[in-house]
Amino acid sequence: MFTLTDDERAIRDTARDFAAEHLTPNAVEWDRTKHFPVDVLRKAASTGMGGIYIREDVGGSGLSRVDAARIFEELAKGDPSIAAYISIHNMVAWMIDRFGSEEQRHTWVPGLCSMDQLGSYCLTEPGAGSDASALSTKAVADGDEYVLNGVKQFISGAGTSDVYVVMARTGDTGPKGISAFIVPKDAPGLSFGANEEKMGWNAQPTRQVILEDVRIPAANLLGELGGGFRIAMSGLNGGRLNIAACSVGGAQAALDMAAAYLLDRKAFGSALIESQALQFQLADMRTELEAARTLLWRAAAALDDGAPDVVELCAMAKRFGTDTGFDVANKALQMHGGYGYLAEYGIEKIVRDLRVHQILEGSNEIMRVVIARSVVSAAKSAGGRGAA
């Protein structure tokens, strides 16, 4: 896992070179102007990043989750906001590839892999965030169609994306009453709220998705009736790893910028990097990032292997990676002094972008719930024998 093969190194370097050429030079300007660079996304897709772990028969790259973790880290070094959207897009494509029928796979996934069509994931609602199983968007069968009504909140790519995987209630309350649907952008009755004014992630749009008597073919049911919550949670395992990778990448970029700044900046007669106090901080930041990266790769390998403890490992990697990433980036800003607060240096943008990673794909408080549940379950299964 830790010694890359020639192929793995080439995959990582492709993402690194793409970020250096297309993302890093534009990140601050895209953030300032709230520009969503669809043309650049399609360039990313031409290198295989529109369907990283999608099967090759529908245009995917067929790579592993460990490969994906390395790719998203490199992309986030250039721009965490764009890297995070590509992660969400890949999650949508994977859901259809993994749970869709052969007809659905061949209808929807090739366009997503080329990013000729962009994807959005629609789970969260104004009244259902962490308690996702309490969602109220409804889908009612009507002949050979379903009619959807409801509102989805904080949807990345909304208004620009072409394909929406929507979780809606088809049965009783609770997770077993939720189903997943593929909703095209041109479906009558589908509309979008205003682009949200956000702290970060300004290079991708975030809007409400509003469904008012939206009719779609019954064939757009993804997976089995009542299986939507399982699909949503399965997608989030990978999404949590990807967002952790984006945090590690953004923080690594911030750390590299801080070290370069300290090398150039002089105070009290010498370069700041000669200060042992600052060197100790750099050492701790580097160590914490490496620990986050190691846990991330461990969890990604577990997801590739279908390990029994994959859910809690993904939660651990997400919690630790996003907390560590934000902390390291924030310390890197502090090392820049007043210059770190200026937009032109790019550090404050990284801090703003990484902050939301501690909230989305399941807040870090929910990650602790998931992890604690596995600890409690193991203790109960052991029957208290660990205390003997």
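Source: prediction; values computed, not measured.

Criteria and thresholds
By convention here, each chain's residues receive numbers from 1 onward along its written sequence. The predicted nature of this model means local features are confined to residues of pLDDT at least 70 and side-chain atom pairs, given and counted, to a pLDDT of 80 or more, with totals for whole chains, interfaces and linings taken over all residues. Only heavy atoms go into the side-chain values, all of them from the structure, while hydrogens and water stay out. Put simply, a patch holds well-exposed residues, over 30% relative accessible area, that have no salt bridge, with like charges counted together within 9 Å and Val, Leu, Ile, Met, Phe, Trp or Tyr side chains within 5 Å. Here, Shrake-Rupley sampling with a 1.4 Å probe gives the accessible areas, and only protein chains in the shown set may cover a residue. Any Lys or Arg side-chain nitrogen located within 4 Å of an Asp or Glu carboxyl oxygen qualifies as a salt bridge. Burial classification: accessible surface area is computed with a 1.4 Å probe over protein chains only, and a residue below 20% of its type maximum counts as buried, one above 50% as exposed, and the rest as partly exposed. For the purposes of this entry, the term helix denotes a DSSP run of H or I that reaches at least four residues, the term strand denotes a run of E that reaches at least two, and both are numbered from the N terminus. The definitions used throughout rest on a 1 Å grid laid over the protein atoms alone, on which a cavity is an enclosed set of points accommodating a 1.4 Å probe that cannot get out and a pocket is an open set flanked by protein within 12 Å on both sides along at least five of seven lines; lining residues are those having an atom within 4 Å of a point. Grid points are joined across faces, edges and corners, and a volume is the space filled by probe spheres set on the points. Think of it as three bins: nonpolar holds Ala, Val, Leu, Ile, Met, Phe, Trp, Tyr, Cys and Pro, charged holds Asp, Glu, Lys and Arg, and polar takes everything else, Gly as well. Every angle, taken between N-to-C directions, lies between 0 and 180 degrees, and every axis is a line fitted to C-alpha atoms, over only the stretch in contact when it is a helix. Throughout, the term roughly parallel applies to angles under 35 degrees, roughly antiparallel to angles over 145, roughly perpendicular to angles from 65 to 115, and oblique to all others. The sense of a crossing depends on the near helix, which, turned anticlockwise from the far helix by less than a right angle, makes the crossing left-handed and, turned clockwise, makes it right-handed. Whether two residues are in contact is decided by their heavy atoms, any of which lying within 4.5 Å being enough. Between N or O atoms, a polar contact is any pair within 3.5 Å; within protein, one atom must be a potential hydrogen donor and the other a potential acceptor, and residues adjacent in sequence are included only when both atoms are from side chains.

Draft legend 1. Geometry of a nonpolar patch on the surface. On the surface, Tyr339, Leu342 and Tyr345 cluster together to form a nonpolar patch covering roughly 240 Å² of accessible area. Among the residues examined, Tyr345 registers a relative accessible area of 31% and is labelled partly exposed.

Draft legend 2. Structural detail: the pattern of salt bridges. A full pass over the atoms with the stated rule returns 25 salt bridges. The partner of Glu125 in a salt bridge is Lys152, and the shortest N-O contact between them spans 2.8 Å. Here Lys152 lies in strand E3 (residues 145–156) and Glu125 lies in the loop between strand E1 (119–122) and strand E2 (138–142), a separation of 27 residues in the sequence. No difference in accessibility class separates Glu125 from Lys152, as the two residues are buried. In this structure, Lys349 engages Asp353 in a salt bridge whose closest nitrogen and oxygen atoms are separated by 2.3 Å. Here Lys349 pairs with Asp353, and both are found in helix H10 (residues 347–355), just four residues apart, close to one helical turn. Here Lys349 and Asp353 have matching classes, each one buried.

Draft legend 3. Structural detail: the layout of surface pockets. Computed from the structure, the largest pocket encloses a volume of approximately 1,100 Å³. Forming the walls of the largest pocket are 42 residues, and the residues nearest its centre are Thr124, Ile359, Leu360, Glu361 and Gly362. Per-class residue counts for the lining of the largest pocket are 19 nonpolar, 13 polar and ten charged. A volume near 230 Å³ is recorded for the second largest pocket. Forming the boundary of the second largest pocket are 14 residues, of which Thr24, Ala27, Gly78, Met257 and Gly346 lie nearest the centre. Looking at the lining of the second largest pocket element by element, the count peaks at three residues for helix H4 (residues 65–78). The residue makeup of the lining of the second largest pocket, split by class, is eight nonpolar, three polar and three charged.

Draft legend 4. Quick peek at the packing of helix H7 (residues 228–264) against helix H9 (residues 310–335). Direction vectors running N to C along H7 and H9 enclose 20 degrees, while the axes themselves pass 8 Å from each other. Considering the angle they form, H7 stands roughly parallel to H9. As for how H7 packs across H9, the hand of that crossing is left-handed. On the side of H7, the interface is formed by Asn237, Arg240, Leu241, Ile243, Ala244, Ser247, Ala251, Ala254, Leu255, Ala258, Tyr261 and Leu262, while H9 contributes Val311, Cys314, Ala317, Lys318, Gly321, Thr322, Gly325, Val328, Ala329, Ala332 and Met335. Classifying every residue of the contact of H7 with H9 by side-chain character gives 16 nonpolar, five polar and two charged.

Draft legend 5. Representation of the side chain of Ser161 within the structure. Among the structural elements, Ser161 can be located in the loop between E3 and strand E4 (163–169). On the basis of relative accessibility, which here comes to 0%, the residue Ser161 falls in the buried class. A distance of 3.4 Å separates a polar atom in the side chain of Ser161 from a polar atom in the side chain of Tyr85. Within the structure, the side chain of Ser161 is placed 2.8 Å from the side chain of Ser120, a separation counted as a polar contact. Setting aside residues no more than four positions away along its own chain, Ser161 makes contact with Tyr85, Leu118, Gly119, Ser120, Ser156 and Lys185.

From the geometry alone we can't say anything about function, so treat these as descriptive.
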